[in-house]
Amino acid sequence: MFGVTMVTQPSVRVSVARATGETEAGPSKAAAAAAMVSKPVHGLPLLPGFSFSDPTKTNFHRNQTLGYRNGFAYTRLPTVGVGGDRLHVNQLSQADLDELANKRPTLTFEEPKQVPPSDFIPAHVAFDKKVLKFDAYFQEDVPLSTEEHYRIRKVAIYYYLEDDSVSVMEPIVENSGIPQGKFIKRQRLPKNDRGDHYHWKDLNRGINLTIYGKTFHVVDCDPFTKVFLESQGIEVNPPEKMALDPYTEHRKKPLRIYVTPSDFDQFKQFLTFDKKVLRFYSIWDDTDSMFGESRAYIIHYYLADDTVEVREVHERNDGRDPFPVLVKRQRLPKVLVGNSKDFPRCVLEVSEQDVKEWFTAKDFAVGQPVTILGRTFFIYDCDKFTREFYRDKFGFPEFSAIDVSKKPPPAIKQELPPYNGFGLVEDSAQNCFALIPKPLKKDVIKMLTDDHKVLRYMAVLESPIPEDRGRHFIISYYLATEMITIFEPPVRNSGFFGGKYLGKTKIAKPGSCVDKPTFYGPGDFFIGALIEVFGHRFIIQDADEYVLKYLESNAKDYPPSTILSFKNHFLKQQPTTQESDSGLIEDHKEKKDIETLIKEIQERLKNSDFLLEGPIREAFQILDKDKTGYVDREKFFGICKNFNLPVDDCLINQLIRMCSSGEGKINYYNFIRAFSQ
């Protein structure tokens, strides 16, 4: 507003005149326009306090000063002046206004400023995702083929402008038999031996490119490539036609077939019998061959085109792949011409000229075998539509189904082979129940309740040999597994080594059945009993007192005569000292004393890790609160188990019996001495 009132000042007038190219001598058109703008509204000066809003004004929109003309943006003068009056723009012609708009004022007091240079854009940004594509081909020799001497392979050459790399791709052709796809991976390709690389300036239509020894002939490019090359001042050659592969074009030629038209109307047959199919149920019996079987099939005969299909019948868990079709739908030859019978069908399929007669509907009937492609099928039944079709078409009587189900063979009783004497009977029988024998099921409850419970007996060997008459043995019966071990205590200068005589095993009674043998049990061991072990006869002469206690606690499971024999035996014995109350072989004259037995145990265990007298003694002393030197039998074996002491050893078993008392306690003083160094 203030600029309008100051238009009459000389300085402003001079600047306007210079901007419009006029001098002060003559008034210019711009000065006239400025004078019109400076006309006051309502006769009042345009000063603060002298202007007011027009109450009659109803249009308050902003004037549009931007527009388009002939597709170019331009600015136009507003149509409303200051205070709401319209400018009299019609006083200047359009040519004058264009001259004023396009006129650039010259600087008077300052030197012209240089235009700032444009921003630098790197190549990988400017040419990002811009690729030149050329269509080309190369010729490949085929030396080992009589049908073709060379082949034409089409490729597409991609040139990436962002990094000047090139890749060659070969489009995949179906059934070509050639590995296609990426021919040359993306890389910078060498142009010559001097280290130069191919540039987009080297690419054009109608040229040859030699890449890694292969010559590619470029025939065409895409529109973007053409526009880009022309924009860079390269004259693009005219496109060429892509070379054709002779062998591929030869295969595209249709074969000349001469067919004599027949009077038979196949179209009428199709319209009449469409969706009408004869269904036959058949079996293929191949039980005569090795590993052969009888399998069921369904034969479909399509009346619309006289084709045959053979489908398999699958059962649940039959162990076969779920292939539904054995023979696909096709016309099957029934009789071949004489020259085609010996021709191998695996080399070439049977053509129309090789077939004398095809299969028709009259060749299928219930109760008759039919040979299809060398396999004989026996038809035993059909569906309702097939029966009606044969009755109406051929006058056949109604077919009756034939029972082809086979009776199950009689069950074969599985008998175990006779026992060969090796191992246990139950263990040997597992080889007959499964291919991989499984271990016998153990009585877990019995093993838990009778663990570490062993019944020990002393026996002598009954033998006619004089040297065997003085030999004594210790028979141990393990209640948890019902197995027996025999140990012979070593005797100096006896001529026998002693030690383990028989390992853990079950011993069958003489005269018992081989298949279901009866084994020795605690009830069979009594004083004076004769035990036969694999041809050797042992006579029981003594036992531990624990044997009598165990038999009395389970008296209902064992005969009373066995318990009475042990009671009478122990009543006859007179205990001498507290340490000799174990009751095992006390009257034997050749029995070793405790000191000799301890020395033998120490000699046997001197190279082992059991010689730990201190920790074992402390463990027993903690349980022996009264300092009597005795601990309970169960606590004694518990400590031996914690220290992994070999309580199953024969010498240690004999030492435990010699240290046992009649009250169920064991003297641990002498026992610990055997484990000291």
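You'll find the structure just up there.
How each quantity is defined
- Counting restarts for each chain, with residues numbered from 1 along the sequence as it is written.
- The predicted nature of this model means local features are confined to residues of pLDDT at least 70 and side-chain atom pairs, given and counted, to a pLDDT of 80 or more, with totals for whole chains, interfaces and linings taken over all residues.
- Each side-chain value is derived from all of the structure's non-hydrogen atoms; neither hydrogens nor water enter the calculation.
- Note: two strands are recorded as paired if DSSP finds a minimum of 2 bridges between them.
- Each helix corresponds to a stretch of at least 4 residues labelled H or I by DSSP, and each strand to a stretch of at least 2 residues labelled E; elements are numbered beginning at the N terminus.
- Orientation is described by axes fitted as lines to C-alpha atoms, over the contacting stretch for helices, and by angles from 0 to 180 degrees between their N-to-C directions.
- Every residue pair with non-hydrogen atoms within 4.5 Å of one another is taken to be in contact.
- Polar contacts here mean pairs of N or O atoms no more than 3.5 Å apart (in protein, one a potential hydrogen donor and the other a potential acceptor; neighbouring residues in sequence count only if both atoms are side-chain atoms).
- Every case where a carboxyl oxygen of Asp or Glu lies within 4 Å of a side-chain nitrogen of Lys or Arg is listed as a salt bridge.
- Exposure categories follow from relative accessible area, calculated using a 1.4 Å probe and restricted to protein chains: below 20% of the type maximum is buried, above 50% is exposed, and the middle band is partly exposed.

## What about the sheet that holds strand β11 (residues 307–312)?
Right, so step 1: With antiparallel pairing, the 6 strands of this open sheet are ordered in space as β12-β11-β10-β9-β16-β15. Single-partner strands in this sheet number two, and they are β12 (325–330) and β15 (369–372). Strand-to-strand twist of the sheet, defined as the mean angle between neighbouring strand axes without regard to direction, takes the value 35°.
Right, so step 2: In this structure, strand β10 (residues 294–302) lies alongside β11, joined through 6 bridges in antiparallel fashion. Residue pairing for β11: H300 is matched across the bridge by E309.
Right, so step 3: The sheet contacts of helix α9 (residues 384–393) involve β9 (277–285) and β16 (375–382), and relative to β9 the element is tilted by about 110°.

## Remarks on the side chain of R295
Right, so step 1: The residue R295 is located in strand β10 in this model.
Right, so step 2: Of note is the side chain of R295, whose polar atom sits 2.9 Å from the side chain of E312.
Right, so step 3: Setting aside anything within four residues of it in sequence, one finds R295 in contact with S282, I283, W284, E312 and R320.

## Section: the pattern of salt bridges
Right, so step 1: If you walk through the whole model with that rule in mind, you get 25 salt bridges.
Right, so step 2: Here K252 ties to E249 by a salt bridge, and the two come within 3.8 Å at their closest N and O atoms. With a gap of 3 residues between them, K252 and E249 both fall in helix α7 (residues 246–252), about one helical turn apart.
Right, so step 3: A relative accessible area of 28% means that E249 is categorised as partly exposed.
Right, so step 4: The residue R471 makes a salt bridge to D468 at a minimum N-O spacing of 3.2 Å.
Right, so step 5: Residue classification places D468 among the buried residues on the basis of a relative accessible area of 11%.
Right, so step 6: It is possible to trace a salt-bridge network through shared partners that takes in E140, E148, R151, R153 and E170.

Geometric values such as these leave the question of function open.
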